[in-house]
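# Architecture at a glance
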Amino acid sequence: MTDTDLIQDIDESLEQSDDELEGDLPELLGRMEGQTEDLVREHPETFGRVVARMETMDIASFVSENPETADQFQELLWAGMNVLVESSPEVKESIDDDITVTFEADDCPMAGHLEVDGTEQTMTGGAGTLDDPMLEITGPADTLVGLIVGRVDPIQGFMQQQYQMDGPVHKGTRLAPIMNSLSDQVPASAES
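Here the focus is the overall build of the chain. For the chain, the count of helices and strands is ten helices and five strands. At 16 Å, the chain has a C-alpha radius of gyration in line with the 16 Å of a compact globule built from 192 residues. Expressed as lengths along the three principal axes of its C-alpha atoms, the size of the chain is roughly 45 × 35 × 30 Å. Residues classed as buried in the chain amount to 49% of the 192 residues present. Intrachain contacts of the chain at a sequence separation of at least 6 include 71% that bridge at least 24 residues. Here the chain carries 8 positive and 43 negative side-chain charges, and the mean point of each set is 6 Å from the other.

Considering all chains together, one arrives at ten salt bridges under this definition. Between D18 and R53 there is a salt bridge; the shortest N-O distance is 2.7 Å. Here the residue D18 occupies a position in helix 2 (residues 18–32), and R53 occupies one in helix 4 (residues 44–54), the gap between them amounting to 35 residues. In this structure, R174 engages D97 in a salt bridge whose closest nitrogen and oxygen atoms are separated by 3.5 Å. Note that R174 is positioned in helix 10 (residues 169–183) and D97 in the loop between helix 7 (89–94) and strand 1 (99–105), a separation of 77 residues in sequence. Salt bridges sharing partners connect three or more residues here, namely D96, D97, K171 and R174.

Bringing helix 1 (residues 4–14) into the picture now. If you check which residues of helix 1 are buried, you get L6, I7, I10, S13 and L14. Looking down the long axis of helix 1, one finds its buried residues gathered within 130 degrees of arc, a one-sided arrangement. Next to the buried residues of helix 1 lie helix 2, helix 3 (36–42) and helix 4.

Our focus in this paragraph is the environment of T56. Secondary-structure assignment places T56 in the loop between helix 4 and helix 5 (59–65). The exposure class of T56 is partly exposed, given its relative accessible area of 43%. Considering only alpha carbons, one finds T56 and D142, 86 residues apart in sequence, at a separation of 9.1 Å.

Attention now moves to empty space enclosed by the protein. If a probe the size of a water molecule is rolled over the atoms, the empty space left behind becomes visible. Per the counting criterion, the structure on display carries two cavities of 30 Å³ or more. Empty space within the largest cavity amounts to approximately 80 Å³. Along the walls of the largest cavity sit 13 residues, with L14, L21, L25, M32 and V50 positioned nearest its centre. For the lining of the largest cavity, the secondary-structure elements that each account for two or more residues are helix 1, helix 2, helix 4 and helix 6 (70–87). A breakdown of the residues in the lining of the largest cavity according to their chemical character gives twelve nonpolar, one polar and no charged. Roughly 60 Å³ of internal volume is contained in the second largest cavity. Looking at the second largest cavity, it is lined by 13 residues, and the ones nearest its centre are Q74, F103, M110, L144 and I148. At the level of secondary structure, the elements contributing two or more residues to the lining of the second largest cavity comprise helix 6, strand 1, strand 2 (111–117) and helix 8 (141–149).

Attention shifts here to the packing of aromatic side chains. By the definition in use, this model includes three aromatic pairs. Look at W78 and F103: their rings are 6.1 Å apart centre to centre, the planes differ by 40 degrees, and that puts the pair in the tilted class. Highlighted residues: W78 in helix 6 and F103 in strand 1, separated in sequence by 25 residues. A residue is classified by how much of its surface remains accessible, and W78, at 2% relative accessible area, is buried. Here F103 falls in the buried class, since its relative accessible area comes to 5%. Ring geometry for F158 versus Y163: centroids 6.0 Å apart, planes at 45 degrees, classification tilted. The exposure class of Y163 is buried, given its relative accessible area of 6%.

Parameters at a glance
Residues numbered from 1 in each chain as written. Predicted model: local features only at pLDDT ≥ 70, side-chain atom pairs only at ≥ 80, totals over all residues. Heavy atoms only, no water. Helix = DSSP H or I, 4+ residues; strand = E, 2+ residues; numbered from the N terminus. Rg over C-alpha atoms; globule rule 2.2 N^0.38 Å. Buried < 20%, exposed > 50% of the residue type's maximum accessible area, 1.4 Å probe, protein only. Contact = heavy atoms within 4.5 Å. Lys, Arg positive; Asp, Glu negative; His and termini not counted. Charge placed at Lys NZ, Arg CZ, Asp CG, Glu CD. Salt bridge = Lys/Arg side-chain N within 4 Å of Asp/Glu carboxyl O. Arc of directions from axis to C-beta. 1 Å grid on protein atoms, 1.4 Å probe; cavity = no way out; pocket = protein on both sides within 12 Å on 5 of 7 lines; lining within 4 Å. Points joined across faces, edges and corners; volume = space filled by probe spheres on them. Nonpolar A, V, L, I, M, F, W, Y, C, P; charged D, E, K, R; others polar. Phe/Tyr/Trp six-rings, centres within 6.5 Å; stacked < 30°, edge-to-face > 60°.

Written as structure tokens, this is what we have:
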């Protein structure tokens, strides 16, 4: 069960300017550790508001100034996405292939990974890279977060060279509808 004081503090921080929110985030992320999946399950609207605010922040600057929070930041993002996959038949239906991906920002110390299991119809992700991913995606941190939360269309972003992808293009093409289906499930992502 998520701490109600934490939810209240997150909600209050989300009402502040980007600079004030960025100042609060390291402490809030530390308090969320170990509760992120519960937070998303019990308070999906708060998670949606956090995702919406992430889209307005300068992620590279935040991670560069707070490198110790980069993994916590990704834990929140991926825990939310993992819960959305678990609870969404639409997303599960779109998962029909095995795909492993490493994401690395080229403008700050942020790296993450994604594992899609077509048999189990699951998608999990987290901080750190995989040893032998099928796809390696690099680009600005804001673009990588945009890919995860749906602000950046995977196919258009690649065609417009917003990010680079190394690996079989057909795997990237198979990943795109999964990412699009997932981003459609983020609660309140269009609100700020």
